[in-house]
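Each chain, letter by letter, is given below.
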Amino acid sequence: LFRSDISMVELRNEINSYLLHSIGFILLICVLFGVIMSLWLQNVVIIPLAELEQSTRGFANKSHGKRDLDALTFEAPEIHTENEIQSLSDSITQMSEDMKEFVEDILSAEKRAENAEQEVENVSKIAYEDALTQAKSKVAYDAKIGELAQAISQDNAEFAMVMIDLNNTKRINDICGLENGNNYIVSGRKVISEVYRNSPVYRGGGDEFVVILEGDDYKDRDELFAVLEEAFMNAQEDTSRELW
């Protein structure tokens, strides 16, 4: 027979003490695990997400409505979490680069279109403007005649034409030279344009000009023609001018 010196009360106290220590140890482990998990989430999830959200919001505010390529550059935060957050950051960066290239292609296409439009405008200007006198060209005159013909066919035309042929151009070329002959033609166009300020002046060729009068100039055609005759007469009688 064995005799025990430990009472049941002491045994219970020992068991309770063991359980309390075990529970305390488990709670301590849970707290440490919670702290470690919190730090891990903070460094791997929360902080990277906050940095990514801040960068994305700044990019959206900077690039909204802008056509400047520099404003379309996404400044990605340094994220090396090796998880979905890093993958999301890389995807946003790639998307911004693709968008920047797309906008750059659009701007380049618009620039080419503007250049082409400018070329067309330059060609049209060359075609519709006489190089020597800056009056409208024979091409522009033919186009205007087409418009007037259509207006006549629709019984909706009201215009007059003044035809002007400068005298002695060949004689001036022979005596004073071709350069002064050109100056003579240019000066004649200036006299015509000063009288018919609101009407297009066309150079039909050589020393021939045509003015098409519409609107107020058409209504005042007789008075303006008298002014034109007087202007040419004054120029002819001005002995202070060069011979040409």
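Structural data are supplied above this passage.
Residues numbered from 1 in each chain as written. Predicted model: local features only at pLDDT ≥ 70, side-chain atom pairs only at ≥ 80, totals over all residues. Heavy atoms only, no water.

## What to know about the side chain of aspartate 207
With respect to the helices, strands and loops of the structure, aspartate 207 is situated in the loop between strand S2 (201-205) and strand S3 (208-213). What aspartate 207 contacts, discounting residues up to four positions off in sequence, is Ile164, Asp165, Leu166, Thr169 and Ile185. (Helix = DSSP H or I, 4+ residues; strand = E, 2+ residues; numbered from the N terminus. Contact = heavy atoms within 4.5 Å.)

## Let's talk about the sheet that holds S3
Taken in spatial order, the three strands of this open sheet run S1-S3-S2, and their pairing is antiparallel. On the outer flanks of this sheet lie strand S1 (160-165) and S2, each paired with one strand and no other. Across the sheet, the mean angle from the axis of one strand to that of its neighbour is 25°, orientation sign disregarded. Across four bridges, S2 lies against S3 in antiparallel orientation. When the bridges of S3 are listed, tyrosine 202 appears paired with valine 210. The strands that helix H3 (residues 138-153) touches are S1, S2 and S3; relative to S2, the one it contacts most, it runs at about 115°. (Pairing = 2+ DSSP bridges. Axes fitted to C-alpha atoms, helices over the stretch in contact; angles between N-to-C directions.)

## Points about the packing of helix H5 (residues 178-195) against helix H7 (residues 221-237)
Packed helices, taken two at a time, are described by the angle their axes make and the gap between the axes. Two elements in contact, H5 and H7, have axes separated by 9 Å at closest approach and are oriented at 145°. Like other packed secondary-structure pairs, H5 and H7 cross with a definite hand, here right-handed. Contacts from Gly188, Val191, Ile192 and Val195 of H5 reach H7 at Leu224, Val227, Leu228, Ala231 and Phe232. Each residue belonging to the contact of H5 with H7 can be placed in one class, and the counts come to eight nonpolar, one polar and no charged. (Left-handed = near helix turned anticlockwise from the far one by under 90°. Nonpolar A, V, L, I, M, F, W, Y, C, P; charged D, E, K, R; others polar.)

## Topic: the pairing of S3
Counting buried residues along S3, five of its six residues qualify, which places the element largely inside the surrounding structure. For S1 and S3, the ladder comprises six bridges, and the chain directions are antiparallel. Looking at the pairing, methionine 163 lines up with valine 210 of S3. The antiparallel pairing of S2 with S3 creates a hairpin that spans two residues between the two strands, and glycine 206 there sits at a positive phi of about 60°. (Buried < 20%, exposed > 50% of the residue type's maximum accessible area, 1.4 Å probe, protein only.)

## Digging into the environment of asparagine 234
Note on placement: asparagine 234 falls in helix H7. In this structure the C-alpha to C-alpha distance between asparagine 234 and isoleucine 26, which are 208 residues apart in sequence, comes to 119 Å.

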